[in-house]
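Residue-level structural notes
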Amino acid sequence: MGLVVQKYGGSSVADAEGIKRVAKRIVDAKKNGNQVVVVVSAMGDTTDELIDLAEQVSPIPAGREFDMLLTAGERISMALLAMAIKNLGHEAQSFTGSQAGVITDSVHNKARIIDVTPGRIRTALDEGNIAIVAGFQGVSHDKKDITTLGRGGSDTTAVALAAALDAEVCEIYTDVDGVFTADPRVVTKARKIDWISFEDMLELAASGSKVLLHRCVEYARRYNIPIHVRSSFSGLRGTWVSNEPQGDQKVEHAIISGVAHDVSEAKITVVGVPDKPGEAAAIFRTIANAEVNIDMVVQNVSAASTGLTDISFTLPKAEGRKAIDALERNRGVIGFDSLRYDDQIAKISLVGAGMKTNPGVTAGFFEALSDAGVNIELISTSEIRISVVTRVDDVNEAVRAVHTAFGLDSDSDEAVVYGGTGR
Ligand code: ADP
Ligand code: ASP
Ligand code: MG
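This section reports on the structure supplied with the text. All values derive from a computational prediction rather than experimental measurement. (Residues numbered from 1 in each chain as written. Chains lettered and ligands numbered in written order. Predicted model: local features only at pLDDT ≥ 70, side-chain atom pairs only at ≥ 80, totals over all residues. Heavy atoms only, no water.)

So, about the site of ligand 1. The environment of ligand 1 is formed by 18 residues, the closest being Thr-174, Asp-175, Phe-180, Asp-183 and Arg-185. The contact in question runs from an oxygen atom of ligand 1 to an N or O atom on the side chain of Thr-174, over 2.7 Å. Here Phe-180 contributes a backbone N or O atom positioned 2.9 Å from a nitrogen atom of ligand 1. Burial of ligand 1 by the protein chains amounts to 89% of its free accessible area of 570 Å². For the shell around ligand 1, a count of residues per class yields seven nonpolar, six polar and five charged. (Near = heavy atom within 4 Å. Polar contact = N/O pair within 3.5 Å; in protein donor to acceptor, adjacent residues only side chain to side chain. Areas by Shrake-Rupley, 256 points an atom, 1.4 Å probe, with all protein chains shown as cover. Nonpolar A, V, L, I, M, F, W, Y, C, P; charged D, E, K, R; others polar.)

Structure, rendered in structure tokens:
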């Protein structure tokens with residue numbers, strides 16, 4: 001008998017009908033002879049609604065209480081799902097992250113899983129139950145406080161449980177038919193990928209393809225857990241993400257795997273920084289001490305007359321306030337004229353292992369953007385990725401232009417989006 005971990009995202013369990021539909025799928029997996037562990041997200045946009053509510057009560061809510069609030073979303077869906085399964089005549093038990101043994105560090109709102117001790121899940125399975133686990137949450141190892149894993153964190157819960165339980169596969173059920181060459185909400189001609197390597201998927205996820213969370217792919221690669229991304233609304237086979245393709249998984253030898261975009265970042269420019277050693281270090285130490293992760297960095301050439309320069313960097317919008325406050329507090333030590341905050345930006349990335357050995361990819365990318373009349377503000381690259389920052393208003397057009405320019409448009413069906421609000 002195999003053990004499968006299935007994860008259902010918020011759009012798959014958006015309402016009572018969705019919960020009943022998913023319950024049937026889970027029961028089918030059990031009837032096929034598997035032991036089944038299910039990780040479930042909060043219903044629909046519940047997490048966003050809870051965040052809005054918290055902000056109405058307090059502009060900067062305490063991390064501990066914020067986590068306690070957000071985990072309520074997944075508790076609702078796990079209990080309802082267990083009820084729906086029981087109603088179909090099968091045994092199911094729901095567990096919070098803490099009960100399932102998801103142990104994390106104590107960084108509230110973006111905790112990392114440091115251990116998984118799924119004793120209670122094993123017992124539940126051995127007793128013939130389907131185990132339902134609340135995604136996106138754990139308990140801190142030191143203070144035993146409830147933590148959350150950051151937005152989209154249920155993906156990570158699923159892979160971490162799959163690794164701890166030595167599952168055959170981790171199935172991620174969502175509202176599209178798999179991983180596409182671009183977000184199907186933006187590019188209707190996006191093509192479904194049959195198989196993609198962990199390496200390319202990591203870059204796509206890091207660049208904003210939220211169909212899989214970056215940390216989840218990192219975890220899957222470390223423990224070599226194959227992921228099957230598929231729709232909970234259709235019976236179609238989805239996308240396999242693994243080290244090597246297995247069986248009939250089709251490998252496309254394309255130079256480019258896909259185009260990703262991200263509108264969740266902002267740009268901070270530190271204006272009038274003395275152009276001398278130690279300045280960048282002081283700025284980024286300040287940011288690091290505030291526990292803010294940065295993404296791209298660019299330093300302008302200094303004006304010879306003043307000896308001053310500007311340093312820009314991008315970061316998650318959600319951390320913008322924290323970063324600005326930290327820099328302002330340390331203004332005297334760092335020494336700068338002013339700060340500029342810009343949240344009207346988007347990042348567009350082209351990803352593919354083939355670009356290592358094929359010249360002209362960067363030129364083709366910039367030409368496609370220029371033909372679409374899109375101005376580039378920042379650039380960063382890795383061995384298998386090129387990213388640019390543009391105005392947010394240009395993002396959809398830019399993604400479509402780049403997708404077409406690199407020959408990624410599908411000539412058959414349109415990509416289907418079954419649910420969700422894209423929020
Ligand atoms: P869930 O609620 O199931 O976790 P998410 O909204 O987190 O769903 O992720 C699924 C969404 O990811 C899709 O609806 C799609 O808009 C978006 N997405 C972005 N890039 C891609 C891509 N390359 N392939 C498929 N979906 C993508
Ligand atoms: N409910 C959480 C979120 O919306 C976690 C998840 O869905 O993965 O971010
Ligand atoms: Mg998700």
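With that settled, the discussion passes to the site of ligand 2. Taken together, Ser-41, Ala-42, Thr-47, Glu-74, Phe-136, Arg-151, Gly-152, Gly-153 and Ser-154 make up the full set of residues near ligand 2. At a separation of 2.7 Å, an oxygen atom of ligand 2 approaches a polar side-chain atom of Arg-151. Within the backbone of Gly-152, a nitrogen or oxygen atom sits 2.8 Å from an oxygen atom of ligand 2. Bound to the protein, ligand 2 loses 87% of the 260 Å² it would expose on its own. Residue classes in the shell around ligand 2 are distributed as two nonpolar, five polar and two charged.

Let us now look at the sheet that holds strand β7 (residues 137-140). Spatially, the four strands line up as an open sheet ordered β5-β4-β7-β8, and their pairing is mixed. Looking at which strands have only one partner, the edges of the open sheet turn out to be β5 (113-116) and β8 (146-148). Pairs of neighbouring strands in the sheet enclose a mean axial angle of 45 degrees, with direction left out of account. For β7 and β8, the ladder comprises three bridges, and the chain directions are antiparallel. What sits directly across from Gln-137, in β8, is Thr-148. (Pairing = 2+ DSSP bridges. Helix = DSSP H or I, 4+ residues; strand = E, 2+ residues; numbered from the N terminus. Axes fitted to C-alpha atoms, helices over the stretch in contact; angles between N-to-C directions.)

Here the focus is helix α7 (residues 214-223). Along α7, the positions that sit buried rather than exposed are Cys-216, Val-217, Tyr-219 and Ala-220. Buried residues of α7 fall within an arc of 160 degrees about the axis and therefore sit on the same side. Turning to α7, the residues buried within the fold contact β5, α5 (154-164), α6 (198-206) and β11 (227-231). One or two residues past the end of α7 sits Asn-224, with phi positive at roughly 50 degrees. (Buried < 20%, exposed > 50% of the residue type's maximum accessible area, 1.4 Å probe, protein only. Arc of directions from axis to C-beta. Contact = heavy atoms within 4.5 Å.)

Attention now goes to the packing of α5 against α7. Look at α5 against α7: their axes get within 8 Å of each other, and the N-to-C directions meet at 15 degrees. Comparing their axes, α7 and α5 come out roughly parallel. The hand of the α5/α7 crossing is left-handed. Between α5, through Asp-155, Thr-156, Val-159, Ala-160 and Ala-163, and α7, the contact on the second element is made entirely by Arg-215, Cys-216, Tyr-219, Ala-220 and Tyr-223. Across the contact of α5 with α7, the residue classes break down as seven nonpolar, one polar and two charged. (Parallel < 35°, antiparallel > 145°, perpendicular 65-115°, else oblique. Left-handed = near helix turned anticlockwise from the far one by under 90°.)

The next thing to look at is the pattern of salt bridges. Following the criterion strictly, the structure yields 22 salt bridges and no others. Close ionic contact of Lys-347 with Glu-265 constitutes a salt bridge, the shortest N to O distance being 4.0 Å. Taken as a pair, Lys-347 in strand β18 (residues 345-351) and Glu-265 in strand β14 (residues 265-274) lie far apart in primary sequence, 82 residues in all. Judged by its relative accessible area of 5%, Lys-347 is buried. Sharing partners across several salt bridges, the network here consists of Lys-267, Asp-342, Glu-377 and Arg-391. (Salt bridge = Lys/Arg side-chain N within 4 Å of Asp/Glu carboxyl O.)

Take a nonpolar patch on the surface next. Residues Ile-76, Leu-80 and Met-83 make up a contiguous nonpolar surface patch of roughly 270 Å² in combined accessible area. For Ile-76, the position within the fold is in helix α3 (residues 63-87). (Patch = residues over 30% accessible without salt bridge, like charges linked within 9 Å, V, L, I, M, F, W, Y side chains within 5 Å.)

By themselves, these are just geometric observations and shouldn't be taken as functional.
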